[in-house]
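# Descriptive analysis of the structure
This is what each chain is made of:
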Amino acid sequence: MDCARLWLGLLLPVVAALDFSYHHQPEMEAFLKSISQNYSSITHLHSIGESVEGRNLWVLIVGRFPNEHRIGIPEFKYVANMHGDEAVGRELLLHLIEYLVTSDGRDPEITNLINSTRIHIMPSMNPDGFEAVLKPDCFYNKGRENSNFYDLNRNFPDAFEFNTVPRQPETVAVMKWLNTETFVLSANLHGGALVASYPFDNGVPATGTLYSRSLTPDDDVFQYLARTYASRNPDMRKRNPCRTKIEFPGGIVNGYFWYPLKGGMQDYNYIWAQCFEITLELSCCKYPRKEKLPSFWNENKDSLIDYIKQVHIGVKGQIFDQNGTPLPNVTVEVQDRKHVCPYRTNKFGEYYLLLLPGVYVIEDS
Ligand SMILES: *[C@@H]1O[C@H](CO)[C@@H](O)[C@H](O)[C@H]1NC(C)=O
Ligand SMILES: *[C@@H]1O[C@H](CO)[C@@H](O)[C@H](O)[C@H]1NC(C)=O
Ligand SMILES: *[C@@H]1O[C@H](CO)[C@@H](O)[C@H](O)[C@H]1NC(C)=O
Ligand SMILES: [Zn+2]
């Protein structure tokens, strides 16, 4: 027995675990490629486009059927580092990838999640910005914007005001990506605060801006989603962990109430891509020392996993004609929850509606 134990001790370090440090583009690519080779049956690595400076925008998909959509399996995504100087989310997503693939077949909870969900993970939407950071700092830094100096979280079409900002390659790549899959749930990882912020980020009086908030017809769902993340993160759920002027009871806030912004990604996802997205601010310091990364992973791991599971709340189904042919592009909406752009079935006739337990009238047309 002692002998066997000794062997284990010697052998374990050979399977190199991902280290807790910041991974620049070449190291990140090497890691993602290595994962996609070692776990080829449950992962699929692809690039959705290139940054201004020609870096690939990598997405790793984890799922039992990673290469394509399957009927009834919802598509989930995480996107980090759209502000290049907000670095924690980027590393958390690499650790999440490692955790998911190494838990498959060992941990029933993760195995079940991989069986039932197709999880798309984009560790960096702004790789040029990340590389542009000269001296890591807690506050605003060179590298927030892309290399044409545009803030990508102000760069999307906006439903409430005309957004004249020239659309950037990273934004265009994400918009095209959103058209290729029926994403149901998403989160966008940032730093510089500790709070889960939910749509809308912009608004008009009809969405409640007179009361300095801007709420969606799915506000109950969004608050629940934000709370799901925040309540499992021991620091985020505190009222004012970063000791700033504004407090966030429960660790959640309506984006507009915090500060209105035009051209944000979460509003775009919800309004045009039928995808519920929230914004996760994960660290008071935008680019903390790497020694802090293990504690960020420990504080966010459960939240990251639990949030993915929420893609299964509500109802899903398929619409057919009388011959049993799936009907795409049919509006399927819940009464009194009309979306700016009505939610429609995808090319397989599927719909996914995130709802809390209750009684609803669902209308199709
Ligand atoms: C992939 O497998 C090789 C060979 O076992 C190992 O050296 C490498 O660390 C693994 N990579 C990852 C990311 O797990
Ligand atoms: C997951 O799927 C695999 C392969 O289809 C199956 O063998 C396994 O029982 C499933 N596990 C869980 C927990 O759903
Ligand atoms: C879906 O239906 C709408 C309204 O009925 C129509 O304007 C649109 O072109 C259709 N889209 C597709 C892809 O068929
Ligand atoms: Zn940010």
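It should be emphasised that the depicted structure is a prediction, and the values quoted were computed from it without experimental measurement. (Residues numbered from 1 in each chain as written. Chains lettered and ligands numbered in written order. Predicted model: local features only at pLDDT ≥ 70, side-chain atom pairs only at ≥ 80, totals over all residues. Heavy atoms only, no water.)

The next subject is the state of the cysteines. Per the counting criterion, the structure on display carries two disulfides. Across the disulfide, C242 is cross-linked to C284 (sulfur-sulfur distance 2.0 Å). Looking along the S-S bond of the C242-C284 disulfide, the torsion reads about -90°, which is the left-handed sense. Of the two residues, C242 sits in the loop between α7 (219-231) and β7 (252-254) while C284 sits in the loop between β8 (276-283) and α10 (293-309), which places them 42 residues apart along the sequence. (Disulfide = S-S within 2.5 Å. Helix = DSSP H or I, 4+ residues; strand = E, 2+ residues; numbered from the N terminus.)

Quick look at the nonpolar core now. Judged by nonpolar contacts, the single largest core of 74 residues is most densely connected at L32, Y78, L96, L189, F276, I278 and Y307. At eight residues, the largest contribution of residues to this core is made by helix α3 (residues 88-103). With 20 residues, the next largest nonpolar core counts V59, I61, A173 and V174 among its residues. (Core = buried A, V, L, I, M, F, W, Y, C linked by side-chain atoms within 4.5 Å. Buried < 20%, exposed > 50% of the residue type's maximum accessible area, 1.4 Å probe, protein only.)

Where helix α4 (residues 108-116) is concerned, the buried positions are I110, T111, L113 and I114. Buried positions in α4, seen along its axis, are confined to an arc of 160° and lie on one side of it. In this structure, the buried residues of α4 make contact with β2 (56-62), α3, β4 (118-122) and α10. With a side-chain oxygen positioned 2.9 Å from the backbone nitrogen of E109, the residue opening α4 is D107. (Arc of directions from axis to C-beta. Contact = heavy atoms within 4.5 Å. Polar contact = N/O pair within 3.5 Å; in protein donor to acceptor, adjacent residues only side chain to side chain.)

This brings us to the site of ligand 2. As a matter of local geometry, ligand 2 sits amid R64, T111, N112 and N115. Take N115: an N or O atom from its side chain is 2.3 Å from an oxygen atom of ligand 2. Across the complex, the protein chains shield 37% of the 360 Å² of accessible surface that ligand 2 would expose by itself. Tallied by class, residues from the shell around ligand 2 come to no nonpolar, three polar and one charged. (Near = heavy atom within 4 Å. Areas by Shrake-Rupley, 256 points an atom, 1.4 Å probe, with all protein chains shown as cover. Nonpolar A, V, L, I, M, F, W, Y, C, P; charged D, E, K, R; others polar.)

A word on unusual backbone geometry. With an omega of 0°, the peptide bond between P199 and F200 qualifies as cis. When you line up the elements, F200 lands in the loop between β6 (193-198) and α7. Of note in the backbone geometry, N81 takes a positive phi value of approximately 60° without being a glycine. Mapped onto the secondary structure, N81 falls in the loop between β3 (75-80) and α3. Looking at N81, the relative accessible area reads 0%, which means it is buried.

Glancing now at the coordination of the zinc ion (ligand 4). With distances of 2.0 to 2.6 Å, the protein atoms coordinating the zinc ion (ligand 4) are H83 (ND1), E86 (OE), E86 (OE) and H190 (ND1). One can describe the donor arrangement at the zinc ion (ligand 4) as irregular, given that its four donor atoms subtend angles of 54 to 152° at the metal. Mapping the donors of the zinc ion (ligand 4) onto the primary sequence yields the spacing H-x2-E-x103-H. Of this pair, E86 sits in the loop between β3 and α3 while H190 sits in strand β5 (residues 183-190), and the two are 104 residues apart along the sequence. Here E86 matches H190 in class, with each residue buried. (Donors = N, O, S within 2.8 Å, 3.2 Å for Na, K, Ca; no water. Tetrahedral: all angles 85-135°; square planar, octahedral: opposite > 155°, others 65-115°.)

Once that is clear, we can look at the packing of aromatic side chains. Any pair of aromatic rings gets described here by the distance separating the centres and the angle formed by the planes. Inspection of every chain in the model, using the stated rule, returns 19 aromatic pairs. Taking the centre distance of 4.8 Å and the plane angle of 20° together, the rings of F222 and F276 count as stacked. Here F222 is found in helix α7, whereas its partner F276 is found in strand β8, with 54 residues between them in sequence. An aromatic cluster is defined as three or more aromatic residues linked by ring pairs; in this entry it consists of F160, F200, F222, Y270, F276 and Y343. Across the ring face of F65, the terminal group of R70 is positioned such that the distance to the ring centre comes to 4.0 Å. The ring of F130 has R90 sitting right over it, with the charged end atom 3.7 Å from the ring centre. (Phe/Tyr/Trp six-rings, centres within 6.5 Å; stacked < 30°, edge-to-face > 60°. Lys NZ or Arg CZ within 6 Å of the ring centre and 35° of its normal.)

A few words on the pattern of salt bridges. In total, this model carries 21 salt bridges according to the counting rule given. The residue E53 makes a salt bridge to R55 at a minimum N-O spacing of 3.0 Å. Using a relative accessible area of 48% as the deciding quantity, one classes E53 as partly exposed. Several salt bridges share partner residues, and in doing so they unite E86, R144, D151, R154 and K286 into one network. (Salt bridge = Lys/Arg side-chain N within 4 Å of Asp/Glu carboxyl O.)

Our next topic: the sheet that holds β6. Read from one edge of the open sheet, eight strands run β1-β2-β4-β3-β5-β8-β6-β7, paired in mixed fashion. Each edge of the open sheet carries a strand with a single partner, namely β1 (43-50) and β7. Sheet twist, expressed as the mean angle between neighbouring strand axes with direction ignored, is 25°. In this sheet, β5 lies alongside β3 in parallel orientation, the contact comprising six bridges. (Pairing = 2+ DSSP bridges. Axes fitted to C-alpha atoms, helices over the stretch in contact; angles between N-to-C directions.)

A word on the confidence of the model for the protein chain. For the protein chain, mean pLDDT is 94; residues scoring 70 or higher make up 96% of the total. Every residue in residues 1-14 scores below 50 in pLDDT, and together they form zero contacts with partners more than four places removed in sequence or on other chains. (pLDDT = per-residue confidence, 0-100.)

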